[in-house]
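# Chains, contacts and geometry: an overview
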Amino acid sequence: MQKFINDAIEFLPILLQGVKLTVLVTIGSLVLSTLLGLVWALMRVSGIKILDVSARVVVNFIRGIPIIVQLFYIYFVMPDFGVTLSALQASIIGLGIAYSAYQAENFRAGIEAIEPGQIEAAQSIGMGWWMVMRRVVLPQAVRIVLPPYGNVMIMMLKDSSQASTITVAELALQGKLIASSTFKNTSVFTLVAILYLCMSLPLMYLVSRLERRAAQGRK
Amino acid sequence: MIELQDIHKSFGTNHVIRGFSAQIGKGEIVTIIGPSGSGKSTVLRCINGLEKHDSGTILVEGVPVDRTKRSIVDIRTKVSMVFQRFNLFPHRTALENVIEGPIFVKRENVDAARKRGRDLLARVGLQDKETAYPGQLSGGQQQRVAIARALAMQPSAILFDEPTSALDPELVGEVLGVMKSLAGEGMTMVIVTHEIAFAREVANRALFIDQGVIVEEGPAREMLAQPKQARTQDFLRRVLHPM
Ligand SMILES: Nc1ncnc2c1ncn2[C@@H]1O[C@H](COP(=O)(O)OP(=O)(O)OP(=O)(O)O)[C@@H](O)[C@H]1O
Ligand SMILES: [Mg+2]
């Protein structure tokens, strides 16, 4: 135990560098996936065939390719087309796009849970499509969508480790680097796991609170 | 003020409205009665463009109803609608429901809209409920908020689609009472209802429709008491004496 504490004191500062990147990748890709997911979802429910179909194609395309391959594509292939990104930028964009497909499905389900009657009532007082969304549909959909959104956040936190495959020295990769140079596998990976838990457990707590609130709201 | 000329509407192969024509003058109160599935709701929904008619012309104060044109917003603010299932916005209070249209569609001054909204709630007997959410109100109260919401747009006409059908019997009276007072103030109203006694009392004119066509029309008082067509007689008998 004393040995573990000594290792912890020695490695934590380096691992916290990794934590910083993990948080950066997670938050960056969360924001991007939320915005893109909202765009896909709104296209799906726009009632305009061409938008609906395009969004459906894009979402299935994204869902059909492993995240790691999307990351490789953005980081290694895009430079051939003249788009060179840093590893960090590529990982945020790659994870953001990959997760936008899941966000879109979640958002769409939330939007479609709103009774059509309310939408008609909004239209009948002269609201246009966007105002119906902004004033009637989205404020209610948010409450429905929040618990699954929290789960996506947890998944994205963990999947940010995939950024390591394109050389982003986030927590998992930082751990691997230390481990392979010090051979203190047990200490290092235990620390890595603990650090992930420190981030994901509060999120899980948040999700369970959101779920409870959503269940109450439905009464 | 509302003119319908030879309206047709199909849902897929289901030809629901088959040549419907009517004229509704300013201040007139017209009731539409007919069996379930005869197309009553569809006619109302075509008038404010919630549904798109396939052929024929609908004019509201001379402007053709076309839900793809910007003029539809104008038409919808002139012709309000009250729904069977109230359709209030559950995440907003009674007052917020009422002032949503004036503030966000008509861009009225917020304080003025609030004041007018409170007056309207008072007018439907709900002055003490302005901060209540729809979920905390009875059906009759919700429908009265919905009427206040329709009135808040300062419409030239209001379409009612079975406004009391979703209510417990003891709550029907309070809603009909509000509608009656509107009628007394000269509001143009088109009312789809199964409340025959009420229709006879407040409506000027009655239309009986069956399978998407007008079978009989006439002054409400006479027609609902002594219909000429066998189909109307039959329908009224079933509505008035369900057993
Ligand atoms: N959105 C829709 N899609 C397909 N069919 C529809 C749609 N709306 C209405 N219909 C059909 O059109 C016909 C007329 O419906 P409508 O709602 O106008 O009747 P109604 O006279 O209002 O009946 P009720 O008294 O039951 O309300 C029915 O056969 C109905 O099934
Ligand atoms: Mg109907």
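For the structure itself, consult the block above.
Residues numbered from 1 in each chain as written. Chains lettered and ligands numbered in written order. Predicted model: local features only at pLDDT ≥ 70, side-chain atom pairs only at ≥ 80, totals over all residues. Heavy atoms only, no water.

## Brief notes about the pattern of salt bridges
Selection criterion: By definition here, a salt bridge exists when the distance from a side-chain nitrogen of Lys or Arg to a carboxyl oxygen of Asp or Glu is within 4 Å. The way it works is that DSSP assigns letters per residue, a run of H or I at least four long becomes a helix, a run of E at least two long becomes a strand, and they are numbered from the N terminus.
Within the structure shown, the criterion is met by 24 salt bridges over all chains. Measuring nitrogen to oxygen at the nearest pair gives 3.3 Å for the salt bridge that ties B:Asp66 to B:Lys69. A salt bridge links B:Arg231 to B:Asp210, with the nearest nitrogen and oxygen atoms 3.1 Å apart. You can see B:Arg231 sitting in helix 9 (residues 230–240) and its partner B:Asp210 sitting in strand 9 (residues 205–210), a full 21 residues away along the chain. Each member of the salt-bridge network shares a partner with another, and the members are A:Arg44, A:Asp52, A:Arg56, A:Glu105, A:Arg108 and A:Glu112.

## With respect to the interface of chain A and chain B
Formally: Should any heavy atoms of two residues lie within 4.5 Å, those residues are counted as being in contact. A quick way to say it: buried area is the sum, across both parts, of accessible area lost when two parts are put together, with a 1.4 Å probe.
Between chain A and chain B, the contact holds 17 residues from the first and 22 residues from the second. Taken as a group, A:Ser124, A:Ile125 and A:Arg135 account for 36% of the area that chain A buries against chain B, more than any other trio of residues on that side. For the interface between chain A and chain B, the tally reads 2 salt bridges. A:Glu120 is the partner of B:Arg45 in a salt bridge, and the nearest nitrogen-oxygen pair spans 2.7 Å.

## Describing helix 9 of chain B
Residue and element names in this part refer to chain B. Worth spelling out the cut-off: Here the term buried applies to any residue with accessible area under 20% of the maximum for its type, exposed to any over 50%, and partly exposed to those in between, with areas from a 1.4 Å probe on protein chains only. Arc, as used here, means the arc of the directions from the helix axis to the C-beta atoms.
Along helix 9, the residues classified as buried are Thr 232, Phe 235 and Leu 236. Taken around the axis of helix 9, the buried residues stretch over an arc of 95°, which confines them to a single face. Facing away from the buried side of helix 9 by more than 90 degrees, the exposed set consists of Ala 230 and Arg 238. Here the buried face of helix 9 lies against strand 3 (29–33), helix 7 (196–202), strand 9, strand 10 (213–219) and helix 8 (220–225).

## Some thoughts on the site of ligand 1
Residues and elements named next belong to chain B. Under the convention used in this document: The criterion for a residue being near a molecule or strand is simple. One of its heavy atoms has to lie within 4 Å of it. We define a polar contact as two N or O atoms separated by no more than 3.5 Å, with the added condition that, inside protein, one atom must be a possible hydrogen donor and the other a possible acceptor, whereas residues neighbouring each other in sequence contribute only through side-chain atom pairs. To measure how exposed things are, a 1.4 Å probe is used in the Shrake-Rupley method; for residues, cover is taken only from the protein chains shown. Any residue that is not Ala, Val, Leu, Ile, Met, Phe, Trp, Tyr, Cys, Pro, Asp, Glu, Lys or Arg is counted as polar, Gly included; the first ten are nonpolar and the last four charged.
Within the structure, ligand 1 sits among Phe 11, Asn 14, Val 16, Pro 35, Ser 36, Gly 37, Ser 38, Gly 39, Lys 40, Ser 41, Thr 42 and Glu 162. Between Asn 14 and ligand 1, the recorded distance is 3.4 Å, taken from a side-chain N or O atom to an oxygen atom. The side chain of Ser 41 places a nitrogen or oxygen atom 2.6 Å from an oxygen atom of ligand 1. Protein contacts shield 60% of the accessible area of ligand 1, which totals 630 Å² for the unbound molecule. At the level of elements, strand 2 (14–24) and helix 1 (40–47) are the ones that each hand at least two residues to the shell around ligand 1. Considering each element in turn, the shell around ligand 1 owes the most residues, 3 residues, to helix 1. A per-class count over the shell around ligand 1 returns 3 nonpolar, 7 polar and 2 charged.

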